[in-house]
Amino acid sequence: MDIEALLKVTPEELAGSLLQRRMVLKESLPGVIRNLEAEEESLAPKVERLAKSFEESNRKVAELKKKRDERQNEAGLLISQVKSIRERLNQAGGMINLDPKWKKEKLIEKIEEIEHNIQTMALDHRSERKLIEKRRELINQNDKWLRDRKDSNPDMAEYLEKSRKMSALYKKADSAHSKMLDAVEKAQPIYEKTTLASDELREIKSQLDRARELISQSEMAIGHWRRRLEEGFGDIGAGFPDLLRGQEKVKSGGPSSFAKGGPPQSKDRKKTKGEEG
């Protein structure tokens, strides 16, 4: 519609058009709301199931992590005791060097180094698994070494007991850690599905709230424009100001709202011909 045609539109025609638009909207919204409610009813249980599944996965991960940390902490405390006893036995000549190569490799120090890396370094799952496997290998070698030492020196009971306990704790920690990594990997797709479903449900609820709000607004608008068509476009009471005041002002020679809102003139434009030059 061009400007000339627009200026020829009467208030009654414009009000009728607005009324018709609101009535069509009001008639269509109940169907939209029913569809959204059906989607919400279908999706909500799925989101709830996924959330519970993810919560259960997190609980399992937390339990395994706690078990791993407890075993690792206990084993870590034993490392210092084992090292202390070993030094004492070395000084007393109680440590028989059955395997010079093994002494050079310093088993306990290697286990301690791996433990430090696991605790302090930011590692991905693959790197963590490699460290755990390396520690498991060292623990198995340590068990064999302990059996050899026991046969060669029966006075090492305390040393052997603590070393064996340390090995057992690390094995349990390794088992818990591996299970924890498996649980984390299984939880990841559940988390992604939960996030997507929750976002979708949130969007549906937002659309549903908006549709209900539009129905309320449409009912008010329909009542408003019906009354305007029945009682006119002047001041007809509270909430119904004179809609034609601007039009009447322009007709009587007054400035339009566009003219009043225009940019201010510069000082140079305000000068009279007599003031120029």
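Parameters and conventions
- In this convention, every chain numbers its residues from 1, walking through the sequence in written order.
- Reporting in this predicted model follows two pLDDT cut-offs: at least 70 for local features of residues, and 80 or more for side-chain atom pairs to be given and counted; totals over whole chains, interfaces and linings ignore these cut-offs and use all residues.
- As a rule here, side-chain values cover all heavy atoms of the structure and leave hydrogens and water aside.
- Here a helix means four or more residues in a row that DSSP labels H or I, a strand means two or more in a row labelled E, and each is numbered from the N terminus.
- Here the term buried applies to any residue with accessible area under 20% of the maximum for its type, exposed to any over 50%, and partly exposed to those in between, with areas from a 1.4 Å probe on protein chains only.
- Any two residues having at least one pair of non-hydrogen atoms within 4.5 Å are treated as being in contact.
- With residues, only the protein chains shown are counted as cover, and all accessible areas are computed by Shrake-Rupley using a 1.4 Å probe.
- For our purposes a nonpolar core is just a set of buried Ala, Val, Leu, Ile, Met, Phe, Trp, Tyr and Cys residues, chained together by side-chain atoms within 4.5 Å.
- On a range of 0 to 100, pLDDT expresses the predictor's confidence in each residue.
- The patches reported here contain residues having more than 30% relative accessible area and no salt bridge. Joining distances are 9 Å for like charges and 5 Å for nonpolar side chains (Val, Leu, Ile, Met, Phe, Trp, Tyr).
- One speaks of a salt bridge when a side-chain nitrogen belonging to Lys or Arg is within 4 Å of a carboxyl oxygen belonging to Asp or Glu.
- Charged residues are defined narrowly, with Lys and Arg counted positive, Asp and Glu counted negative, and His plus the chain ends left uncounted.
- Lys charges are placed at NZ, Arg charges at CZ, Asp charges at CG and Glu charges at CD.
- Multiplying 1.5 Å by the helix residue count minus one yields the expected span of that helix.

J.: Got a minute to help me understand the overall build of the protein in this structure?
T.: A tally of helices and strands in the protein yields nine helices and zero strands. The secondary structure elements of the protein, listed N-terminal to C-terminal, are α-α-α-α-α-α-α-α-α. Counting the 277 residues in the protein, one finds 27% classified as buried. For the protein, long-range pairs separated by at least 24 residues make up 77% of all intrachain contacts whose partners lie at least 6 apart in sequence. Total accessible area on the protein stands at roughly 19,200 Å², and carbon and sulfur atoms take up 52% of it.

J.: I would appreciate a short explanation of the nonpolar core in the present structure.
T.: One broad rule of soluble globular proteins: the nonpolar side chains tend to lie buried together. Ranked by size, the top nonpolar core spans 19 residues in total, and within it Ile 79, Ile 111, Tyr 159, Met 166 and Tyr 170 carry the most contacts. Among the secondary structure elements, those contributing two or more residues to this core are helix 2 (11-92), helix 4 (107-120), helix 5 (125-152) and helix 6 (157-231). Beyond its immediate sequence surroundings of up to four residues, Ile 79 is in contact with Ile 108, Ile 111, Glu 112, Met 166 and Tyr 170. Leu 29, Leu 43, Leu 208 and Ile 215 belong to the second largest nonpolar core, which has 13 residues in total.

J.: Mind showing me how you'd approach the confidence of the model for the protein here?
T.: Low-pLDDT stretches of the model should not have their predicted coordinates read in fine detail. Mean pLDDT over the protein works out to 79, with 76% of the residues at or above the 70 mark. Ignoring residues within four places in sequence, the model shows residues 98-102, a span with pLDDT below 50, making seven contacts including any to other chains. In this model, residues 266-277 is a region of pLDDT below 50 whose contacts with residues beyond four sequence positions or in other chains number three contacts.

J.: Would you take a moment to explain a positive patch on the surface for this structure?
T.: On the surface, Lys 60, Lys 67, Lys 179 and Lys 186 cluster together into a patch of positive charge. Of all the elements in the fold, those that place two or more residues in the positive patch are helix 2 and helix 6. In this fold, Lys 67 is placed in helix 2. Residue classification places Lys 67 among the partly exposed residues on the basis of a relative accessible area of 42%.

J.: How should I be thinking about the environment of Arg 68 in this particular structure?
T.: Secondary-structure assignment places Arg 68 in helix 2. For Arg 68 and Ser 178, which are 110 residues apart along the polypeptide, the C-alpha to C-alpha distance reads 9.4 Å.

J.: Help me understand the environment of Ile 114, please; the structure alone is not making it clear to me.
T.: Structurally, Ile 114 is set in helix 4. According to the relative accessible area criterion, Ile 114 is buried, its value standing at 7%. As a C-alpha pair, Ile 114 and Leu 131 span 17 residues in sequence and 6.6 Å in three-dimensional space. In contact with Ile 114, not counting residues within four places along its chain, are Leu 131, Lys 134, Arg 135 and Leu 138.

J.: For this particular structure, what's the right way to read the environment of Ala 173?
T.: For Ala 173, the position within the fold is in helix 6. Of the residues examined, Ala 173 reaches a relative accessible area of 0% and is grouped as buried. As for Ala 173 and Asn 73, which are separated by 100 residues in sequence, their C-alpha atoms are 9.3 Å apart. Apart from the residues lying within four places of it in its own chain, the contact partners of Ala 173 are Arg 68, Arg 71, Gln 72 and Arg 135.

J.: Explain the pattern of salt bridges to me, please; I cannot follow it from the model alone.
T.: Pairs may arise between side chains of opposite charge once their charged atoms sit close together. Throughout the structure, instances matching the rule amount to 15 salt bridges. Across the pair Arg 227 and Glu 231 runs a salt bridge, and its minimum N-O distance is 3.3 Å. Of the two residues, Arg 227 and Glu 231 are both situated in helix 6; the distance of four residues between them amounts to about one turn of the helix. Exposure remark for Arg 227: the relative accessible area of 27% places this residue in the partly exposed category. A network of salt bridges, in which partner residues are shared, links Glu 56, Arg 59 and Glu 63.

J.: It is not clear to me how helix 6 should be interpreted in this structure. Could you clarify?
T.: Within an α-helix, residues lying three or four positions from one another point in the same direction, as the helix has 3.6 residues per turn. Here helix 6 contains 75 residues, and its C-alpha end-to-end distance of 107 Å stays within 8% of the 111 Å for a straight helix at 1.5 Å per residue. In the segment just after helix 6, Gly 232 is the residue with positive phi, at about 105°.

J.: Help me understand the side chain of Ser 218, please; the structure alone is not making it clear to me.
T.: Of note, Ser 218 is situated in helix 6. Overall, Ser 218 belongs to the buried group, its relative accessible area being 0%. Setting aside anything within four residues of it in sequence, one finds Ser 218 in contact with Arg 22, Leu 25, Lys 26 and Leu 29.

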